[in-house]
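# Geometric and topological summary
What follows is each chain in one-letter form.
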Amino acid sequence: MSYHDTISVILGDIVEQEVDAIVNAANNSLLGGGGVDGAIHHAAGEKLLEECRTLGGCPTGEAKITGGYLLPARWVIHTVGPIWNGGHQKEDEFLVRAYRNSLLLAEEYDIKSIAFPGISIGAYGFPVDRASVLAVKTILEHMKNGCLLDDIRLICFNDEAYHFYSNALELAVSEI
Ligand code: AR6
């Protein structure tokens, strides 16, 4: 099976994705915010925030799961990416952990299809070229180690993000 059967880069809105789980690029409080976090809470409805209040927040690089409520997705996996601070504060490592822990949590819940946003590339200021390479590498690495997921989507909200994530995927697959 080729990697392209499983992993794809899509220009679109994550809240519309018909997958088992969508990933939220949240903050440590898990109590909502702007960007993709705001869009997910808005589309899922108030019950999502109610459940998030019971979770006690989430450390950077880790992930927690809730229901998807009014979303097409059954689950929301909330993860917290690093705030970019010049690159010397383990930002790469925390970004990798956010993707990896989201994938591991998905598999614990028998999730087969998942959609990720560009974690940290918005308000958190992580350079998109670097973030896209790390996202793709982490997902491919996870797949190499025997992956239960069969549909992994990287959802890009604008052309610039789409350009970087699709190039990163092509390059990484060509190097395998
Ligand atoms: N679907 C897909 N991608 C989206 C959507 C959407 N509906 N809306 C925005 N994006 P950001 P971060 C893209 O800032 O950098 C929040 O306030 C967006 O264009 O949402 O991890 C949290 O509460 C960008 O490419 O997440 C945190 O405080 C990408 O999603 C903080 O922002 C991520 O941008 C997290 O910052």
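Up top is the structure these notes are about.
Please read these numbers as outputs of a predicted model, since none were measured by experiment.

This next bit is on the site of the ligand. Every one of the 21 residues lining the ligand counts as a neighbour, but Asn27, Gly34, Val36, Asp37 and Ala123 are closest to it. Measuring from an oxygen atom of the ligand, one finds a backbone N or O atom of Ala123 at 2.7 Å. Surface burial for the ligand is 88%, taken as the share of its 700 Å² of free accessible area covered by protein chains. In terms of residues, the shell around the ligand owes the most to one element, helix α1 (residues 35-44), which gives four residues. Here the residues of the shell around the ligand are counted per class, giving ten nonpolar, nine polar and two charged.

What follows is about the sheet that holds strand β2 (residues 21-25). Spatially, β1-β6-β5-β2-β4-β3 is the arrangement adopted by the six strands of the open sheet, whose pairing is mixed. Two strands bound the open sheet, and with one partner strand each, they are β1 (7-11) and β3 (63-67). Direction aside, the axes of adjacent strands within the sheet are offset by 25° on average. Relative to strand β6 (residues 151-156), β1 runs parallel, the two being bridged by five bridges. Note on β6: the bridge partner recorded for Leu11 is Cys156. Where helix α2 (residues 46-53) meets the sheet, its contacts fall on β3 and β4 (75-79), and the angle it forms with β3 comes to roughly 135°.

About the thresholds
Per chain, the residues get numbers from 1 upward, laid out in the order the sequence is written. With the structure being a predicted model, the display of local features is reserved for residues of pLDDT at least 70 and the display and counting of side-chain atom pairs for 80 or more, all residues being used for whole-chain, interface and lining totals. Excluded from the side-chain calculations are hydrogens and water; all other atoms, namely the structure's heavy atoms, are used. A molecule or strand has a residue near it when one of that residue's heavy atoms lies within 4 Å. Two N or O atoms count as a polar contact when they lie within 3.5 Å, although within protein this holds only if one can serve as hydrogen donor and the other as acceptor, and sequence-adjacent residues are included solely when both atoms are side-chain atoms. What sets the accessible areas is the Shrake-Rupley method with a 1.4 Å probe; for residues, cover comes only from the shown protein chains. Going along the chain from the N terminus, every DSSP run of H or I of four or more residues is numbered as a helix, and every run of E of two or more is numbered as a strand. Following the grouping adopted for this structure description, the nonpolar residues are Ala, Val, Leu, Ile, Met, Phe, Trp, Tyr, Cys and Pro, the charged ones are Asp, Glu, Lys and Arg, and the polar ones are all others, Gly among them. Strand pairing follows a simple DSSP-based rule, namely that at least 2 bridges must link the two strands. For helices, the fitted line uses only the C-alpha atoms of the stretch in contact; every axis is such a line through C-alpha atoms, and the angle between N-to-C directions lies from 0 to 180 degrees. We call two residues in contact whenever any of their non-hydrogen atoms come within 4.5 Å of each other.

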